[in-house]
Amino acid sequence: EPEVTQTPSHQVTQMGQEVILRCVPISNHLYFYWYRQILGQKVEFLVSFYNNEISEKSEIFDDQFSVERPDGSNFTLKIRSTKLEDSAMYFCASSRGEAISGNTIYFGEGSWLTVV
Amino acid sequence: AQSVTQLGSHVSVSEGALVLLRCNYSSSVPPYLFWYVQYPNQGLQLLLKYTTGATLVKGINGFEAEFKKSETSFHLTKPSAHMSDAAEYFCAVRKSSSYKLIFGSGTRLLVRP
């Protein structure tokens, strides 16, 4: 069964460093998402991306964050200058069609980011 | 604003017993409703979803949920728990006009032999 894959599974970084989390969405999917879950808290929406543009973002997704689809297969989340509070599990997700139309969103296994 | 409340951060049942995981939502417009499951060291997997139509929705692994608009609830049930059902379960809601899923805080299901 096709799946969303994420790398790395776990990354430790120093505060202030840049981090890039990578995702390979399911191959025929067109809509891409990032969510995060801080330990002990709810899963939170960060951003949705379609046709090389951000289609929706949350208030969490400030100028520190950016997303990119650098080629036909990868979807990346960049955190420019990491803060301690960025420590979380980051989930990539994708859907074939618009989630708005009820299409299922498929999640990856997550990338655990620890900022020290 | 939309929100999701899952009653009980932990639910423990015996193998073979009924599973009931509660989810209530608040939304100003009819939402889409979802249940996701997360097994240890794995991602979120969709169990079932309600968008429109029949209010009793059947999902994978024998789970089902009923959308009750009058009660703003979308409780998840399974008639007979199996050891393999032990996992964390998340209820989520989304407005039909938005890409954003809003998750509850999750309920960890423990299944006793």
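A brief report on the enclosed structure follows. Since the model is a prediction, treat every value here as computed from it, not as a measurement.

## A closer look at the nonpolar core
When a protein is soluble and globular, its nonpolar side chains tend to lie buried together. Core analysis: the biggest nonpolar cluster contains 28 residues, and Trp35(B), Leu48(B), Leu76(B) and Tyr89(B) have the highest contact counts within it. Looking at this core, the elements with two or more residues in it are β2 (10–14), β3 (19–26), β4 (31–38), β5 (44–50), β7 (64–68), β8 (73–78), β9 (87–95) and β11 (107–112) of chain B. Among residues more than four places away in sequence, those in contact with Leu48(B) are Leu33(B), Phe34(B), Trp35(B), Val57(B), Lys58(B), Gly59(B), Phe63(B), Glu64(B), Ala65(B), Phe74(B) and Leu76(B). Counting residues in each nonpolar core, the second largest holds 23 residues, with Val4(A), Cys23(A), Ile60(A) and Ala88(A) among its members.

## Quick notes on the interface of chain B and chain A
The interface of chain B with chain A comprises 22 residues on the first partner and 22 residues on the second. The junction of chain B with chain A conceals about 1900 Å² of combined surface from both sides, 57% of it contributed by carbon and sulfur atoms. Taken as a group, Leu44(B), Tyr99(B) and Phe103(B) account for 38% of the area that chain B buries against chain A, more than any other trio of residues on that side. Scanning the region where chain B abuts chain A turns up zero salt bridges. Viewed at the interface, chain A and chain B are joined by four residue pairs in polar contact (both at pLDDT 80 or more). Mapped by element, the contributors of at least two residues to the side of chain B that touches chain A are β4, β5 and β9 of chain B. For the side of chain B that touches chain A, the residue count by class is nine nonpolar, ten polar and three charged.

## With respect to the pairing of strand β4 (residues 31–37) of chain A
Residues and elements named next belong to chain A. Across the seven residues of β4, seven count as buried, placing the element largely inside the fold. Pairing between β4 and strand β5 (residues 43–50): seven bridges, direction antiparallel. Within β5, the residue paired with Arg36 across the bridge is Glu44. Counted between consecutive antiparallel strands, the loop separating β4 from β5 contains five residues, among which Gly40 sits at a positive phi close to 85°. Pairing geometry for β4 and strand β9 (residues 88–95), over seven bridges, is antiparallel. Paired with Tyr33 across the two strands is Ala93, which belongs to β9.

## Focus: the layout of surface pockets
Volume-wise, the largest pocket comes out at about 540 Å³. Gln37(A), Met89(A), Phe91(A), Gln38(B) and Gln42(B) are the residues nearest the centre of the largest pocket, which is lined by 24 residues in total. Mapped by element, the contributors of at least two residues to the lining of the largest pocket are β1 (5–7) and β9 of chain A. For the lining of the largest pocket, the class distribution of residues is eight nonpolar, eleven polar and five charged.

## Quick word on the packing of aromatic side chains
Per the stated rule, a full pass over the model turns up 17 aromatic pairs over all chains. Judged by centre distance (5.2 Å) and plane angle (85°), the ring pair of Phe107(A) and Tyr36(B) falls under edge-to-face. With one member in each of two chains, Phe107(A) in strand β10 (residues 106–107) and Tyr36(B) in strand β4 form a pair that bridges those chains. Each member of the pair, Phe107(A) as well as Tyr36(B), is classed as buried. An aromatic cluster is defined as three or more aromatic residues linked by ring pairs; in this entry it consists of Tyr35(A), Phe45(A), Phe91(A), Phe107(A), Phe34(B), Tyr36(B), Phe90(B) and Phe103(B).

## So, the environment of Ser81(A)
All names here are of chain A. Turning to its location among the elements, Ser81 is positioned in the loop between β8 (75–79) and β9. Separated by 66 residues in sequence, Ser81 and Met15 place their C-alpha atoms 7.1 Å apart. Ignoring anything within four residues of it in the chain, the contact list for Ser81 reads Gly16, Gln17, Gln64 and Asp86.

## Observations concerning the side chain of Ser95(A)
All names here are of chain A. With respect to the helices and strands, the residue Ser95 is situated in strand β9. Within polar-contact distance, the side chain of Ser95 engages the backbone oxygen of Gly97 at 2.8 Å. Once you skip the residues sitting within four places of it in the chain, Ser95 turns out to touch His29, Leu30, Tyr31, Tyr33, Thr104 and Ile105.

What counts as what
Residues numbered from 1 in each chain as written. Chains lettered and ligands numbered in written order. Predicted model: local features only at pLDDT ≥ 70, side-chain atom pairs only at ≥ 80, totals over all residues. Heavy atoms only, no water. Core = buried A, V, L, I, M, F, W, Y, C linked by side-chain atoms within 4.5 Å. Buried < 20%, exposed > 50% of the residue type's maximum accessible area, 1.4 Å probe, protein only. Helix = DSSP H or I, 4+ residues; strand = E, 2+ residues; numbered from the N terminus. Contact = heavy atoms within 4.5 Å. Buried area = accessible area lost by both parts, 1.4 Å probe. Salt bridge = Lys/Arg side-chain N within 4 Å of Asp/Glu carboxyl O. Polar contact = N/O pair within 3.5 Å; in protein donor to acceptor, adjacent residues only side chain to side chain. Nonpolar A, V, L, I, M, F, W, Y, C, P; charged D, E, K, R; others polar. Pairing = 2+ DSSP bridges. 1 Å grid on protein atoms, 1.4 Å probe; cavity = no way out; pocket = protein on both sides within 12 Å on 5 of 7 lines; lining within 4 Å. Points joined across faces, edges and corners; volume = space filled by probe spheres on them. Phe/Tyr/Trp six-rings, centres within 6.5 Å; stacked < 30°, edge-to-face > 60°.

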